[in-house]
Amino acid sequence: MSETPLLEIRDLSKTFGSVQALTDVDFEVRRGEVMALVGDNGAGKSTLIKCVAGIHGYDSGEISFDGEAVSIHGPKDAAKLGIEVVYQDLALCDNLDVVQNMYLGREVRDFLFRLNEPVMEQHTAETLESLAVTTIRSIRQPVASLSGGQRQSVAVAKAVQWNSRLVILDEPTAALGVAQTRQVLELVKRLAEQGLSVVLISHNLHDIFEVATRITVLRLGRDVGVYERDKTTEQEIVHAITAGVPTKIAGIAETAPEIVA
Amino acid sequence: MSTEADVVAPGIGLPEGDETEQQTLWQRAVGNVKSGNLGVLPVVIGEVLIVTYFSFTATNFFTAGNFVNVILQMAGVTMIAFGVVFVLLIAEIDLSIGYLSGIAALTAATLQLPDGRNYPGWLCILLALGVVAIIGAAQGTVVAKVGVPSFVVTLAGLLIWQGVILRELQVRGVIQIEEDWINKTATYYFSATVSWIIAALVTGLYALVALSGLFGQQRAGLKVRPLPALAKLVGVAVAAFGVVAICTHATKPAACPEGTPLAEVCTQPLGLPLAAVLMLVFLVGLTFLAKRTTFGRHVYAVGGNAEAARRAGINVARVRILVFMISGIMAGVGGLILAARLQSVNLNVGGGTLLLDSISAAVIGGVSLFGGRGEVRGALFGSLIIATIANGLNIGGYKTGTIYIVTGAILLGAVTLDTVARRLQERSGR
């Protein structure tokens with residue numbers, strides 16, 4: 001592929017006080033690909049995507065989107081670029097109903113600046129239907145009364161109903177049963193077929209090998225490497241996650257001692 | 001802001017079937033109660049019980065005149081409690097509202113003094129509300145931007161504004177309010193004819209709004225449910241005309257015209273108090289703000305999950321500051337009405353049980369202390385309960401201590417009900 005990647009991150013670093021969360025991370029996502037992001041707990045996966053989504057600021061590094069350098073200072077900046085995130089903790093308001101959550105922060109208003117509930121309700125119903133989310137009895141019930149799988153479906157639907165170009169899914173299947181996991185993975189494939197780029201964070205290598213085109217491994221806040229799904233094995237990925245592979249940092253052996261942050 | 005909901009991933013084998021099966025009104029009501037969504041039901045039942053009890057035990061309780069009395073007694077607290085609803089919705093607390101209401105009353109009373117600035121009444125009201133709006137916004141800024149807990153900020157506010165009132169009034173003691181604009185908020189009654197027109201207007205406007213809502217549903221291709229809307233309309237009509245019917249039957253003692261026999265007691269009909277209309281105006285306006293505007297939606301979102309609201313791009317700090325500003329303004333409105341009832345401001349202004357009554361009113365009205373759940377109208381219902389109890393016990397000859405004990409017990413009951421309802425809701429949602 002010669003074209004520029006959709007999202008390209010160079011040398012991103014981020015500290016929380018004295019903790020170095022990310023160190024010179026490179027990360028790229030091409031158009032229409034499913035890029036898996038893996039790593040052990042605390043490897044910096046969530047921090048990285050929160051930087052992309054504008055939740056955290058970052059200390060240094062460059063982010064370019066669609067070939068142009070961009071600065072992301074808040075969730076609105078990311079949304080404007082077409083970056084949508086489905087968070088691990090879902091970021092839904094339990095007290096609001098499905099429709100209200102789907103449109104949170106981007107409510108549709110009529111000519112008198114009133115909330116246009118009928119339009120939002122209708123579009124929500126259409127979106128959920130198109131994603132084959134049919135188990136929700138009423139889209140006017142509070143999210144608190146939904147099951148884990150239903151909540152995940154709402155969160156995914158919320159992310160893709162906008163003209164998004166990059167959808168980031170943080171552990172989308174962690175809390176789901178077999179059938180619902182299947183449904184979400186199908187959904188991920190479909191998103192990629194539609195030309196959307198997907199970043200999939202997961203601990204489940206089986207899931208990843210099923211849908212991802214490439215895999216980026218993070219370890220202790222550094223990127224260990226990028227692997228093509230077709231040219232790698234689960235063993236190699238597991239090794240990269242746990243032991244790390246020297247890529248660009250000289251002096252750290254394959255079985256390097258723990259890097260002191 | 002995109003208004004299109006582009007469907008990105010169409011069709012993953014759509015199963016056929018109607019997922020919104022027809023539910024009768026009764027089934028929905030039962031479902032709501034089972035899942036802990038009680039709404040105003042407990043409050044309405046409670047009010048009926050209280051009224052029934054006092055009607056049998058206290059003479060002169062169940063009269064038209066006393067009904068008007070209760071309206072006037074509850075007006076001030078209701079206004080303050082409207083503001084409390086917003087604060088509780090974002091899961092914060094505002095303890096300064098009692099004395100903020102006092103500050104508003106003091107400001108207006110000082111500005112209207114004939115031997116002082118002698119400003120016109122409307123200007124006094126606006127300036128007084130401006131002062132408390134600024135104070136509310138300032139307190140909100142400390143909460144939202146600096147991160148000091150609202151309990152502490154507003155507790156400090158409570159002390160500070162009480163201190164300001166004491167200092168300002170220590171020489172004068174009492175300021176009489178002789179300004180008509182201010183006093184009429186609590187002393188003006190509409191004539192019978194105007195009262196009936198108001199009831200008709202309220203019903204008519206509600207019908208229009210309900211109808212346009214139904215048309216909106218139809219335009220969007222949603223299932224139109226006219227029956228609940230009709231039931232609500234009937235309820236509004238009964239309430240509006242009922243209140244006016246009682247108020248126009250109420251009378252007050254008056255000077256007798258010449259030639260009346262001495263033994264006769266002369267009375268003059270009252271009408272719908274302006275205070276009732278003011279409560280209604282603020283009820284409708286603030287309900288609209290909470291339910292039909294993006295700001296209101298964001299208030300509920302911040303109370304439900306502030307982090308989710310932030311990630312959705314909502315300016316959480318701005319919402320919080322505005323909510324504390326609303327709280328200040330509504331405290332001011334309530335304070336002006338309370339002062340108008342006394343037609344004066346004295347050293348006790350804003351003190352006593354005002355703060356706790358206002359917060360209790362919102363909580364009894366079903367507004368959750370945990371944030372995110374509750375309605376503006378809850379403040380009205382809660383305040384009605386508190387005023388009815390105080391009024392009934394007063395007429396029944398009970399002491400102030402008893403009133404506190406009963407109000408406290410009902411507050412505890414209401415919060416317990418809220419907590420149980422919350423647990424039920426969690427259970428039904430797993």
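All figures in this text were calculated on a predicted structure; none of them were measured in a lab.

*Asks:* Would you take a moment to explain the overall build of chain A for this structure?
*Replies:* A count of helical and extended segments in chain A gives eight helices and 10 strands. Relative to the globule expectation of 18 Å for 261 residues, the C-alpha radius of gyration of chain A, 19 Å, shows essentially globular dimensions. A principal-axis box enclosing the C-alpha atoms of chain A has dimensions of 65 × 40 × 40 Å. Each of the 261 residues in chain A was classed as buried or not, and the buried ones make up 55%. The long-range fraction of contacts in chain A, counting pairs at least 24 apart against all pairs at least 6 apart in sequence, stands at 63%. As displayed, chain A offers around 10,900 Å² of accessible surface, 50% of which is attributable to carbon and sulfur atoms. A gap of 3 Å separates the mean positions of the 25 positive and 36 negative side-chain charges of chain A.

*Asks:* Even after reading the chapter, I still don't get the pattern of salt bridges, so can you show me in this structure?
*Replies:* A side chain of one charge can pair with a side chain of the opposite charge when the charged atoms of the two come close. Residue and element names in this part refer to chain B. All chains considered together, the criterion is met by 23 salt bridges over all chains. Lys184 is the partner of Asp180 in a salt bridge, and the nearest nitrogen-oxygen pair spans 3.7 Å. Note that Asp180 and Lys184 are positioned in helix H7 (residues 180-187) at a spacing of four residues, about one turn of the helix. A relative accessible area of 36% places Lys184 in the partly exposed class. The residue Arg311 makes a salt bridge to Glu307 at a minimum N-O spacing of 3.1 Å. Of this pair, Arg311 and Glu307 both sit in helix H12 (residues 306-311), four residues apart, which is roughly one turn of that helix.

*Asks:* How should I be thinking about the packing of aromatic side chains in this particular structure?
*Replies:* Residue and element names in this part refer to chain B. Applying the stated criterion across every chain yields a total of four aromatic pairs over all chains. With centroids separated by 5.4 Å and ring planes inclined at 65 degrees, the aromatic side chains of Tyr53 and Phe54 adopt a geometry described as edge-to-face. You can call Tyr53 partly exposed: its relative accessible area is 47%. With a centroid separation of 6.1 Å and an interplanar angle of 25 degrees, the aromatic rings of Trp196 and Phe241 are classed as stacked. Residue Trp196 is found in helix H8 (residues 192-219), and its partner Phe241 is found in helix H9 (residues 226-249); the two are separated by 45 residues along the sequence. Accessibility expressed as a relative area gives 35% for Trp196, which makes it partly exposed. The class for Phe241 is partly exposed, based on a relative accessible area of 31%. Ring-pair connections join several aromatic residues into one group, and the members of that group are Tyr53, Phe54 and Phe61.

*Asks:* Which parts of the structure should I look at to understand the sheet that holds strand E7 (residues 166-170) of chain A?
*Replies:* The strands that make up a sheet are held in pairs by hydrogen bonds between backbone atoms, and each pair lies either parallel or antiparallel. Residues and elements named next belong to chain A. Pairing is mixed in the open sheet, where six strands are placed in the order E6-E7-E8-E3-E9-E10. Both edges of this open sheet fall to strand E6 (83-86) and strand E10 (222-228), since each of them pairs with a single strand only. Neighbour-to-neighbour, the strand axes of the sheet open up by a mean angle of 20 degrees, direction not taken into account. Across the sheet, helix H6 (residues 178-193) is in contact with strand E3 (34-38), E7 and strand E8 (197-201); its angle to E8 comes to roughly 150 degrees. Each of E3, strand E9 (214-219) and E10 is contacted by helix H8 (residues 234-242), which is oriented at about 25 degrees to E9, the strand it contacts most.

*Asks:* Honestly, the nonpolar core in this entry has me stumped. Any pointers?
*Replies:* The nonpolar side chains of a soluble globular protein tend to be buried with one another. Ranked by size, the top nonpolar core spans 133 residues in total, and within it Leu7, Phe27, Leu48 and Leu166 of chain A together with Val345 of chain B carry the most contacts. Broken down by element, this core gets its largest block of residues, 17 residues, from helix H3 (residues 64-89) of chain B. Formed jointly, this core draws a minimum of three residues from each of two domains, domain 1 (1-82 + 165-261) and domain 2 (86-162) of chain A. For Phe27 of chain A, the residues in contact, after removing those within four places along its chain, are Leu7, Glu8, Ile9, Met35, Leu37, Leu48, Val199 and Thr216 of chain A. Ranked by size, the runner-up nonpolar core spans 50 residues in total, among them Leu115, Val143, Trp162 and Val198 of chain A.

*Asks:* I'm lost on the side chain of Ser197 of chain A in this one. Help?
*Replies:* Residue and element names in this part refer to chain A. You can see Ser197 is positioned in strand E8. The class for Ser197 is buried, based on a relative accessible area of 0%. From its side chain, Ser197 meets the backbone nitrogen of Gly32 in a polar contact 3.2 Å long. With residues near it in sequence (within four places) discarded, Ser197 still touches Leu6, Val29, Arg30, Arg31, Gly32, Glu33, Arg165, Leu166 and Val167.

*Asks:* Could you clarify how one ought to interpret the domain arrangement of chain A in this entry?
*Replies:* All names here are of chain A. Split by domain assignment, chain A resolves into domain 1 (1-82 + 165-261) and domain 2 (86-162). In this complex, domain 1 contributes 17 residues to the contact, which on the side of domain 2 involves 15 residues. For the pair domain 1 and domain 2, the summed buried area comes to about 1,200 Å², and 62% of that belongs to carbon and sulfur atoms. Of all residues in domain 1, Asp170, Gln183 and Leu187 give up the largest surface area on contact with domain 2, accounting jointly for 29% of the area buried on that side. Taken together, the connections running from domain 1 to domain 2 amount to zero salt bridges. Linking domain 1 with domain 2 are two residue pairs in polar contact (both at pLDDT 80 or more). Contributing elements (two or more residues each) for the side of domain 1 that touches domain 2: helix H1 (45-53), helix H2 (75-81), E7 and H6. Among the residues making up the side of domain 1 that touches domain 2, the classes are represented as 10 nonpolar, three polar and four charged.

*Asks:* When you look at the packing of helix H11 (residues 294-304) of chain B against helix H13 (residues 316-342) of chain B in this model, what are you seeing that I'm missing?
*Replies:* Packed helices, taken two at a time, are described by the angle between their axes plus the distance between the axes. All names here are of chain B. As a packed pair, H11 and H13 sit with axes 10 Å apart at the nearest point and diverge in direction by 105 degrees. By the angle between their axes, H11 is roughly perpendicular relative to H13. Seen from H11, the contacting residues are Phe295, His298, Val299 and Val302; seen from H13, they are Val316, Val319, Arg320, Leu322, Val323 and Ile326. Each residue belonging to the contact of H11 with H13 can be placed in one class, and the counts come to eight nonpolar, one polar and one charged.

*Asks:* I keep staring at H8 of chain B and nothing clicks. Help me out?
*Replies:* One full turn of an α-helix is made of 3.6 residues, so residues set three or four places apart face in the same direction. Helix length check: H8 of chain B (28 residues) gives 41 Å between terminal C-alpha atoms against 40 Å at 1.5 Å per residue, within 8%. Those residues of H8 of chain B that fall on the buried side of the exposure criterion are Ser195, Ile198, Ala199, Thr203, Ala210, Leu214 and Gly216 of chain B. Contacts from the buried residues of H8 of chain B go to helix H4 (117-130) of chain A together with H9 and helix H10 (274-292) of chain B. With its phi angle positive at about 75 degrees, Gly221 of chain B sits one or two positions after the end of H8 of chain B.

*Asks:* Please clarify how the sheet that holds strand E1 (residues 7-16) of chain A should be interpreted in this entry.
*Replies:* All names here are of chain A. In space, the four strands of this open sheet follow the order E2-E1-E4-E5, with antiparallel pairing throughout. The sheet is open, and its two borders are formed by strand E2 (19-29) and strand E5 (68-70), each paired with just one other strand. Pairwise comparison of adjacent strand axes, ignoring direction, gives a mean angle of 30 degrees for this sheet. Pairing of strand E4 (residues 60-65) with E5 involves three bridges; the strand directions are antiparallel. By the bridge assignment for E5, Ile63 is matched with Val70. H1 rests against E1 and E2 of the sheet, and its axis sits at about 110 degrees to E1.

The rules behind each value
For every chain, the first residue of its written sequence is number 1, and the numbers climb from 1 along that sequence. Here chains are named by letter from A upward and ligands by number from 1 upward, in the order in which they appear as written. Since the coordinates come from a predicted model, pLDDT governs what is reported: local features require at least 70, and pairs of side-chain atoms require 80 or more to be given and counted, while whole-chain, interface and lining totals use all residues. For side-chain calculations, the full set of non-hydrogen atoms in the structure is used, while hydrogens and water are omitted. Counting from the N terminus, the helices are DSSP H or I runs at least four residues long and the strands are E runs at least two residues long. Based on C-alpha atoms, the radius of gyration is set beside the globule rule, defined as 2.2 Å times the residue count to the power 0.38. Exposure categories follow from relative accessible area, calculated using a 1.4 Å probe and restricted to protein chains: below 20% of the type maximum is buried, above 50% is exposed, and the middle band is partly exposed. Any two residues having at least one pair of non-hydrogen atoms within 4.5 Å are treated as being in contact. What sets the accessible areas is the Shrake-Rupley method with a 1.4 Å probe; for residues, cover comes only from the shown protein chains. Residues scored as charged are limited to Lys and Arg (positive) and Asp and Glu (negative), so that His and the chain ends carry no count. Where a charge sits is defined by one atom per residue type, namely NZ (Lys), CZ (Arg), CG (Asp) or CD (Glu). Here, a salt bridge means any side-chain nitrogen of Lys or Arg that lies within 4 Å of a carboxyl oxygen of Asp or Glu. We call Phe, Tyr and Trp rings a pair once their centres come within 6.5 Å, taking the six-membered ring for Trp, and we label the pair stacked below 30 degrees between planes, edge-to-face above 60, and tilted otherwise. When DSSP finds at least two bridges between two strands, those strands are taken to pair. Angles shown run from 0 to 180 degrees and are taken between the N-to-C directions of axes, each axis being a line fitted to C-alpha atoms and, for helices, limited to the stretch in contact. Only buried residues count toward a nonpolar core, which is a set of Ala, Val, Leu, Ile, Met, Phe, Trp, Tyr and Cys residues joined through side-chain atoms within 4.5 Å. Boundary definitions for the domains trace back to an automatic or database domain assignment. Polar contacts here mean pairs of N or O atoms no more than 3.5 Å apart (in protein, one a potential hydrogen donor and the other a potential acceptor; neighbouring residues in sequence count only if both atoms are side-chain atoms). Here the quantity called buried area is the accessible surface, traced with a 1.4 Å probe, that two parts lose on coming together, added over both. Here the nonpolar group is Ala, Val, Leu, Ile, Met, Phe, Trp, Tyr, Cys and Pro; Asp, Glu, Lys and Arg are the charged ones; every other residue, Gly included, is treated as polar. The labels follow the angle: roughly parallel below 35 degrees, roughly antiparallel above 145, roughly perpendicular from 65 to 115, and oblique for the rest. To estimate the expected span of a helix, subtract one from its residue number and multiply by 1.5 Å.

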